[in-house]
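Read off the chains here:
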Amino acid sequence: MASEHQRSDETVSNAAVSHAPVSYSSYLDIDGLLSRQRPLTDVPDEYLFIVTHQALELWFSEALHEIDQLVRDLNADRLAAAGRKAGRLRKIIDLCSAHMDVLDTMPMQEFFAFRDALGRASGLQSAQFRALELASGLSAEDTLRIARAVGSADARLRKAQLMPSIRQAFGHFLARAGITVHQLYSVHDESVTEIRAFAEELIEYDIAFNRWRYRHYLLVVHAIGANPGTSGSTGARYLRDTTKKWFFPEIWSARSMGDTTLPAAVPLTAPLDGSVSADRSLLGGKGWGLQQMHQLGIPVPPAFTITTTACNQYFEQGSELSEELWDHVLGEIELLERRTGSRFGGTPPLLVSVRSGAPVSMPGMMDTLLNVGLTPAALAWLGDERQATGLRDSLAEYAAQERATTLSAAGSLPSREHVLRELRSSITRVFDSWHSDRARTYRAANHIPDDLGTAVTVQAMVFGNLDERSGTGVYVTRNPITGEQVPFGEWLPQAQGEELVGGRSTPKPLDELRTAMPEIYEQLIGFGQRLERTQRNVLEIEFTVESGMLYLLQVRNSSSTPAAAARWAVDLVHSGVIEIPEALARVPVDAVPEARRSESRDETAALLASGIGVSPGVSTGLVVAGADQAEEMAERGQKVLLASSTTSTHDIHGFLIADGVITERGGTTSHAAVVARQLGLPCVVGCGEGTVARLRGQVVTLDGGTGRIYAGDALGSGQDESEGDGSGRPAPAELLARWRAEVAQGKHN
C-alpha cells in the first residue's frame, strides 16, 4: 500500500501550504483511496484501518519534510523559524500517536484478519519510521542494523543517512555561535535564552517521539503479539530497544546538570500528567520523578503536586493555607476524579495519599498520610476482607482525629466537606513536618538548607493487597551494596508499601517476582533501565502491582555504600552516561572508600544472631534498645549499636551517633537499610523476633557484610585487601584517584 499511495515531498509540501478549505476526508483522499484498495475482509473496522494507514503515510511524509526545512533554517541561522518548525514537528508526532489510538479501538479478534497490514500501518516495518529517526538524530549504525533485519533498508533510508540530522545541524549552529550545550543551562544570560528555548522544543519533540515508540510497542504486544516467530516480534523488540535511546543526549545531559531559572509566575499546584515542564526545585523530588515517568509513558497513578512555592507561602502567612491555594487544590481534586472515574468522599471511592517531596531526597523524614478520603461507605463498597483490614485501621485513625465530628452508630457517611477537611489537614501536616525535629536533624547532618521547603504530592491510591495478583516492592537498578550492575530489591505479595519500607514485614527477594509474575518483572526492569538512562543515575523505584497491573509510585537517586558509589561513578563514565568531572563530583575525596581490611576473628567467639547484611562494615559496641538511649550512652563516650524491632524516621538522632544498627524485621530496602547505607553504618536487619531482648546490654561485634553478630569484641588484626575484581582492571577508587590527578593537570575539562 505504501508504494501505491506514497506522495512526494513536493506534493506534501503543496498540501501543507494550501489555503483552499478542505475537509479531513478530502485531505486524506478517502474516496480515491477506497476505490483503489477495497477491504479484504468482511470486518467493518477494516475501512477504519485503511483510512488510518493513509493518514500515517501522510504524516510520515509531513514530518520528513518539516525536518528538512528545520535543518535548512538552522544552517542559515534562522533560529526563530527553526523553533516554529520544531513545534509543528512535535504536533505531527502527536497526531501519529492519536492515529495509533484509532487503530487500538478495533476489537481484539478482528486484528487477525489483517495483522500483517496492521504492522505496516503502525510504521513498525516502514523505512519512513527509520528515516525519521535518522533525520532526527539517532545513530545510523543502530537504525540501519534494524532496518536490514526487517527488510526496510531501501533507497529512501540510504538517502536519509547522507542528509544532516537535526542533532548535527544544532551542533553546527552552536559551534558557529561559540557556545556549548552545557553553557545553555549553566549561563544565565539573555544571549542564550532564545537558544535554550529552542533546545527545550527539541526535548519536547524527543519526549513525544519516545512516547510514540512506546505507544507502538504496547499496540504490538497487546494486539499482535511479541512472541518469537510472530509477525510482531521483530517490531516489538526494535521498539523496546529504541525506547532506551534519545535523539539529543547532549541536551538531556546539560539540562539535568543545569540550574535553570524559574519563570516569574510560579504555580502553586501542578498536575503530574506530563504536561508541565518544571524542575525539581518547584515540583519536589517526588513530583518531578512522577512527571518524568509520565512523559516517558511509564504507568503511574494519577497525581498532582502542591509546589515548594506554596510551602514557602504557607510559612510566610503564619502556617495558614491560603484560600487561593485551596481553590487550586479543589480544582486538582476534580481533575483526579475525572481521570479515575471515582469520587472523593463518595463511591466508587477515590482515596489518595498525601506525601512530602523535598527538592533534595530526605527519605522518610517528613510525614506521609495514606487512604485520605476513606469513609464507612467507601469501606463497604470495597468489600474485600484482606484489603478492608488495613483500611479499617485508617478509618479508625481518621475518626479519632475528627472527634469533633459525630458519626452515628449506624455508620453514617461523613460529608464531602468532612473528607475535604481531612485533605486540608493532611496537607498542612506535611508542610509542618518540614520543621519537625527529625527533619531538622537530618538536614543539619546532610548540609541541606532549611529554606528549600517541601512540595506535597497528592496521588490516587493503588492497592497491593487487593488480591493474589497484587503486591508491593522496591527495585534498585544496581546493587547498592556492592555496586554490581544487577537488579536489586524486594517484593512483598498482597501488601501495601508501608509494610515493606517501614520494615514491619520481612519481604522476599525481587527475583521472587520474576517467578510469580514474569511479565510484570520484565516490565519493571525495562522501566528501570529507561529511567536510569534518562536520569543518568542509579535509581530506587517504589512500585505496586494491583490485580496484575504495574504502577510506579516513586523514583529517586539510590543511596549506596561508598564502595558502590565509586563503582557506579566509574561504570557510568565507561558507558558514556556521565563525564569524568561529574563522576568526581558525585564521589568527593572524603567519600572514596578506603581499601577493605580482611579481619581475623576470634574463633571462640559465639555466634549470637544472624540476619541480612545490608550495609557492609564491622563494628563493636554496646547494644542499646532505642534511639534515645543510644544518644544518652554515646554522650558518655560509650560506643553503641542501635537495636530495635524496626526503625522509623523518629530514630534519625540515634543513627547519627551509633556505630551500627540491628533490627528484628525488615529487608534490604527497609528504612534502616537505606539510612544506614547513606550514613555508611554497618547494619544487619531481619534477625528475628526476640533478638533485641537477647542482645540488649551486651557488647557484641556486628558484621554488616555477612549479617552475623558475635559475642564480645571479636575483631582481630587485619591487612589491606585490593578492591580489584580479578579482571586486572584498576579498582574504582584507584581510577577515581587517577582521574582526579588528571583533572588537576588540566585534562578532562
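In this text the structure is predicted, and so the values were computed from the model without any measurement.

Novice: Can you walk me through the sheet that holds strand 10 (residues 549-557) in this structure?
Specialist: Spatial strand order, 8-7-6-9-10: 5 strands in an open sheet with antiparallel pairing. Looking at the sheet topology across the chains shown, the edges are occupied by strand 8 (508-509) and strand 10. Relative to strand 9 (residues 539-546), strand 6 (residues 471-476) runs antiparallel, the two being bridged by 6 bridges. Counted as the bridge partner of Val476 is Glu540 from strand 9.

Novice: Looking at this model, I keep getting lost on the nonpolar core. Mind explaining?
Specialist: Note on soluble globular proteins: their nonpolar side chains tend to be buried together. Counting 71 residues, the largest nonpolar core has Phe170, Phe543 and Leu552 as its most contacted members. For this core, the element with the highest residue contribution is helix 13 (residues 190-224), accounting for 11 residues. Excluding its chain neighbours within four sequence positions, the residues that come into contact with Leu552 are Leu290, Met293, Ile298, Pro299, Val300, Pro301, Leu524, Phe527, Leu531, Ile541, Glu542 and Phe543. Ranked by size, the runner-up nonpolar core spans 27 residues in total, among them Ala310, Leu321, Phe344 and Val372.

Novice: When you look at the side chain of Glu337 in this model, what are you seeing that I'm missing?
Specialist: Within the fold, Glu337 resides in helix 18 (residues 323-340). According to the relative accessible area criterion, Glu337 is buried, its value standing at 10%. One polar contact links Glu337 to Arg416, side chain to side chain, over a distance of 2.8 Å. Excluding its chain neighbours within four sequence positions, the residues that come into contact with Glu337 are Ser342, Arg343, Phe344, Leu350 and Arg416.

Novice: Is there a simple way to explain the packing of aromatic side chains in this structure?
Specialist: Under the defined criterion, the tally for this structure stands at 9 aromatic pairs. Ring geometry for Phe209 and Phe247: centres 4.9 Å apart, planes at 70°, overall edge-to-face. Of this pair, Phe209 sits in helix 13 while Phe247 sits in the loop between helix 14 (233-242) and helix 15 (249-257); the two residues are 38 residues apart in sequence, bridging distant segments of the chain. For the pair formed by Phe209 and Phe247, the shared burial category is buried. Seen in terms of ring centroids, Phe247 and Phe248 are 6.1 Å apart; in terms of plane orientation they differ by 80°. Their pairing is edge-to-face. A relative accessible area of 0% means that Phe247 is categorised as buried. What links up through ring pairs into an aromatic cluster is the set Tyr205, Phe209, Phe247 and Phe248. Between Arg443 and the ring centre of Trp434, over which it is positioned, the NZ or CZ distance is 3.9 Å.

Novice: Looking at this structure, how should I read the environment of Ile525?
Specialist: Following the sequence through the fold, Ile525 ends up in helix 25 (residues 518-535). For Ile525, a relative accessible area of 9% corresponds to the buried category. Expressed as a C-alpha distance, the spacing of Ile525 and Thr477, which sit 48 residues apart in the sequence, is 7.7 Å. For Ile525, the residues in contact, after removing those within four places along its chain, are Tyr475 and Pro487.

Novice: Teacher, can you tell me more about unusual backbone geometry here?
Specialist: Most peptide bonds take the trans form, and the phi angle of most residues other than glycine is negative. Located in the positive-phi region is Asn371, a residue other than glycine, with phi close to 60°. Tracing the chain through its elements places Asn371 in strand 4 (residues 368-372). Positive phi, normally seen in glycine, also occurs at Gln494, with a value near 45°. Mapped onto the fold, Gln494 is located in the loop between strand 7 (488-493) and helix 23 (497-501). Given the relative accessible area of 25%, Gln494 is considered partly exposed.

Novice: Which parts of the structure should I look at to understand helix 17 (residues 308-316)?
Specialist: A turn of α-helix holds 3.6 residues, and therefore any two residues three or four places apart point the same way. Taken together, the buried positions of helix 17 are Thr308, Ala310, Cys311, Gln313 and Tyr314. Turning to helix 17, the residues buried within the fold contact helix 16 (280-295), strand 2 (303-306), helix 18, helix 21 (416-433) and strand 5 (455-460). Where helix 17 terminates, the next one or two residues include Gly318, which has phi positive at roughly 75°.

Novice: Just checking my understanding: could you explain the environment of Cys683 for this structure?
Specialist: In this fold, Cys683 is placed in strand 17 (residues 683-685). With relative accessibility at 0%, the residue Cys683 sits in the buried group. With 24 residues separating them along the chain, Cys683 and Gly707 place their C-alpha atoms 7.8 Å apart. Apart from the residues lying within four places of it in its own chain, the contact partners of Cys683 are Ile612, Gly613, Val614, Ser615, Val661, Ala672, Ala676, Leu702 and Gly704.

Novice: Would you explain the pairing of strand 9 in this entry?
Specialist: Working note: regular strand, side chains alternate between the two faces of the sheet. Here strand 9 lies mainly inside the structure; 8 of its 8 residues are buried. Here strand 9 runs beside strand 10; their pairing, made up of 8 bridges, is antiparallel. Bridge pairing links Leu539 to Asn557 in strand 10. Hairpin connection between strand 9 and strand 10: a loop of 2 residues separates the two successive antiparallel strands, and Ser547 in this loop has a positive phi of roughly 50°.

Novice: Hey, could you run me through the environment of Ser644 in this one?
Specialist: As for its position among the elements, Ser644 is in strand 15 (residues 640-644). Judged by relative accessible area, Ser644 falls into the buried class, the value being 18%. Note: C-alpha distance between Ser644 and Val692 (48 residues apart in sequence) is 6.2 Å. In this structure, Ser644 is in contact with Ile662, Thr663, Glu664 and Val692, ignoring residues within four places of it in sequence.

Novice: Could you clarify how one ought to interpret the sheet that holds strand 17 in this entry?
Specialist: Ordered by their spatial adjacency, 8 strands build an open sheet running 12-19-18-14-15-16-17-13, and the pairing between neighbours is mixed. With partners counted over all chains shown, the strands left at the sheet margins are strand 12 (607-610) and strand 13 (612-615), one partner each. Going across the sheet, the axis of each strand differs from the next one's by a mean of 30°, ignoring polarity. Pairing of strand 15 with strand 16 (residues 661-663) involves 3 bridges; the strand directions are parallel. Paired with Leu642 across the strands is Val661, a residue of strand 16. Sheet contacts for helix 30 (residues 671-679): strand 13, strand 16 and strand 17; angle to strand 13, the most-contacted strand, approximately 40°.

Novice: What is the right way to read the pattern of salt bridges from this model?
Specialist: When charged atoms on two side chains of opposite charge get close, those side chains can pair. Scanning the model with the defined rule gives 22 salt bridges in all. Taking the shortest distance from any N to any O, the salt bridge between Arg78 and Asp73 comes out at 2.9 Å. Between Asp367 and Arg429 there is a salt bridge whose closest N-O contact spans 3.1 Å. Placement of Asp367 in the loop between strand 3 (352-357) and strand 4 and of Arg429 in helix 21 is noted, with a sequence separation of 62 residues between them. Assessed through its relative accessible area of 17%, Asp367 is described here as buried.

Calculation rules
- Residues numbered from 1 in each chain as written.
- Predicted model: local features only at pLDDT ≥ 70, side-chain atom pairs only at ≥ 80, totals over all residues.
- Heavy atoms only, no water.
- Pairing = 2+ DSSP bridges.
- Helix = DSSP H or I, 4+ residues; strand = E, 2+ residues; numbered from the N terminus.
- Core = buried A, V, L, I, M, F, W, Y, C linked by side-chain atoms within 4.5 Å.
- Buried < 20%, exposed > 50% of the residue type's maximum accessible area, 1.4 Å probe, protein only.
- Contact = heavy atoms within 4.5 Å.
- Polar contact = N/O pair within 3.5 Å; in protein donor to acceptor, adjacent residues only side chain to side chain.
- Phe/Tyr/Trp six-rings, centres within 6.5 Å; stacked < 30°, edge-to-face > 60°.
- Lys NZ or Arg CZ within 6 Å of the ring centre and 35° of its normal.
- Axes fitted to C-alpha atoms, helices over the stretch in contact; angles between N-to-C directions.
- Salt bridge = Lys/Arg side-chain N within 4 Å of Asp/Glu carboxyl O.

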